[in-house]
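Letter by letter, the chains look like this.
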Number of protein chains: 2
Amino acid sequence: MSSSLLEHPKKTERYHHGDLKNTLLEAARELANEIGVDNFTLREVARRANVSPAAPYHHFLDKQDLIRTLAIEAFTKLTTALNNAKQKKHTPLQQLEHIGMAYVNFAYTHQAEFRFMFRRELCAAIGQPDPLEVAGIDAQSVLYNAILEAQAAKQISQDNPQEIALTLWSVVHGLSTIINESPISKTTTATSAKQMAQHVVQASIQGILNKE
Amino acid sequence: MSSSLLEHPKKTERYHHGDLKNTLLEAARELANEIGVDNFTLREVARRANVSPAAPYHHFLDKQDLIRTLAIEAFTKLTTALNNAKQKKHTPLQQLEHIGMAYVNFAYTHQAEFRFMFRRELCAAIGQPDPLEVAGIDAQSVLYNAILEAQAAKQISQDNPQEIALTLWSVVHGLSTIINESPISKTTTATSAKQMAQHVVQASIQGILNKE
DNA sequence: CTTAAATTCTGAACAGTGTTAAGATATGCT
DNA sequence: AGCATATCTTAACACTGTTCAGAATTTAAG
């Protein structure tokens, strides 16, 4: 560390240049959001970091590894977003609702990253320990625990919580990908996305309410 | 047509070779299912059709156009699958259930094609007439009409049918993509997929039942 | 049938990609 | 200081999507 008055060493023109790894990740996020996920190019990422095409290979195994890293980061962001949505002041049922809305909102506000998060190509072989899978499970746990709490409070059905979680996850994930990938995506705005999320989440929660 | 005892001219070694267009589409479907969607290569499709890399360009504008064609075909397949699931002998509510299950089943049994069906890159610009969008709407219509019928029969809520349709579509689409793209995909079998679909669809329908 | 036009395919080329290997340059450690 | 290590570049490889000029074949017209 050179002039460290600044916490982040400030990527001034260093020539083993500072922390290229993060610079690459940031450039990758930007590129993905600009140009989309399909013609996302490792060489262009390197270009934006003012670095040769081979440089990224000193920080990532290959292109997929870069994307996988991005996806893992995105999952942890999602987890904190879900945790923020689940605030103590709400009832367990309201928490479920907010978690669902936050999921859709995250997908809409992080479109490129969201698309990277779910790609079969990124999944490790079965049996292999997979940080990406762990990150995904962490995000799911927020929802799962909220369901357990709502069950404890007798606000929702006592059915298998795994099945309930799968149902709610499916509905918010489905809406998210529809908003991102279908022709709807072209005309979706932040407010229309929020409205759709509200309708869909509330309707789904109706289906798991405690019927007594 | 030469020896036409056969309905399909039987792509014997013809040297403007029969109907290359369909041969390419078939090879593309196979390749997509084998190798996945990401490293899907137009040149490999041509290779499998025993044809030069430039040949496909006489039948499709470009690689995307080939994929788009595949996606449109897949949507019409999906539409008939949904229509088959919606048989007259069932009540409107049972029809809804069967349609939902058929959607997930289609996604599981046509994984590569399903992945091609939902890609923002394939969507036409807003305002432009888009056969792919039309094909998608056709599929949705099956669900939408089933909802109208169930409402007419007073079996489900009288809420805005568009919103109900979006909810049900979201849940089956979400489960479908989870089954295809998440680590779950590695351990999913046909029967486990069916079970998940059953739970999820039934739970969702609970949420829209007529409460009176 | 003959000939012209249109269709379908090939071969060669171009720019751009992911990736690797060999070497240059800087960094940190002792 | 010097040495090992980490980091970056240059050059190259095989491969991709795509285009274009021309060969082969089919279709249509006279």
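Below, the structure is looked at part by part. It should be emphasised that the depicted structure is a prediction, and the values quoted were computed from it without experimental measurement.

Another aspect to go through is the interface of chain A and chain B. If you look at the interface, chain A gives 36 residues, while chain B gives 36 residues. Looking at the side of chain A that touches chain B, the elements that each hand over two or more residues are α6 (131-152), α7 (161-181), α8 (184-187) and α9 (190-206) of chain A. The leading source of residues in the side of chain A that touches chain B is α7 of chain A, at 12 residues. Broken down by class, the residue content of the side of chain A that touches chain B amounts to 12 nonpolar, 15 polar and nine charged.

Residue and element names in this part refer to chain B. Their axes nearest at 10 Å, the elements helix α6 (residues 131-152) and helix α7 (residues 161-181) cross at an angle of 125°. It follows that α6 is oblique to α7 by the angle criterion. By crossing handedness, the relation of α6 to α7 is classed as right-handed. Together, Gln140, Leu143, Tyr144, Ile147, Leu148 and Gln151 of α6 and Pro161, Ile164, Ala165, Leu168 and Trp169 of α7 make up the contact between the two elements. Residues that form the contact of α6 with α7 fall into these classes: nine nonpolar, two polar and no charged.

Moving on to the protein's contact with DNA strand D. Around DNA strand D there are 21 residues in total, and Ser52 and Ala54 of chain A together with Ala54, Asp62 and Lys63 of chain B lie nearest to it. Tallying contributions element by element places helix α2 (residues 42-48) of chain B first for the surface near DNA strand D, with three residues. Residues belonging to the surface near DNA strand D are distributed by class as follows: 10 nonpolar, six polar and five charged.

Let us now look at α6 of chain A. Residue and element names in this part refer to chain A. The end-to-end C-alpha separation of α6 is 31 Å, in line with the 32 Å expected for 22 residues at 1.5 Å each. Within α6, the axis deviates most sharply at glutamine 140, by approximately 25°. Burial in α6 covers these residues: Leu132, Ala135, Gly136, Ala139, Val142, Leu143, Ala146, Ile147 and Ala150.

Thresholds, definitions, all that
- Residues numbered from 1 in each chain as written.
- Chains lettered and ligands numbered in written order.
- Predicted model: local features only at pLDDT ≥ 70, side-chain atom pairs only at ≥ 80, totals over all residues.
- Contact = placed C-beta atoms within 7 Å.
- Helix = DSSP H or I, 4+ residues; strand = E, 2+ residues; numbered from the N terminus.
- Nonpolar A, V, L, I, M, F, W, Y, C, P; charged D, E, K, R; others polar.
- Axes fitted to C-alpha atoms, helices over the stretch in contact; angles between N-to-C directions.
- Parallel < 35°, antiparallel > 145°, perpendicular 65-115°, else oblique.
- Left-handed = near helix turned anticlockwise from the far one by under 90°.
- Near = placed C-beta within 6 Å.
- Expected span 1.5 Å × (residues − 1).
- Bend = angle between axes of the 7 residues up to and from the residue.
- Buried ≥ 20, exposed ≤ 12 C-beta atoms within 10 Å, placed from the backbone.

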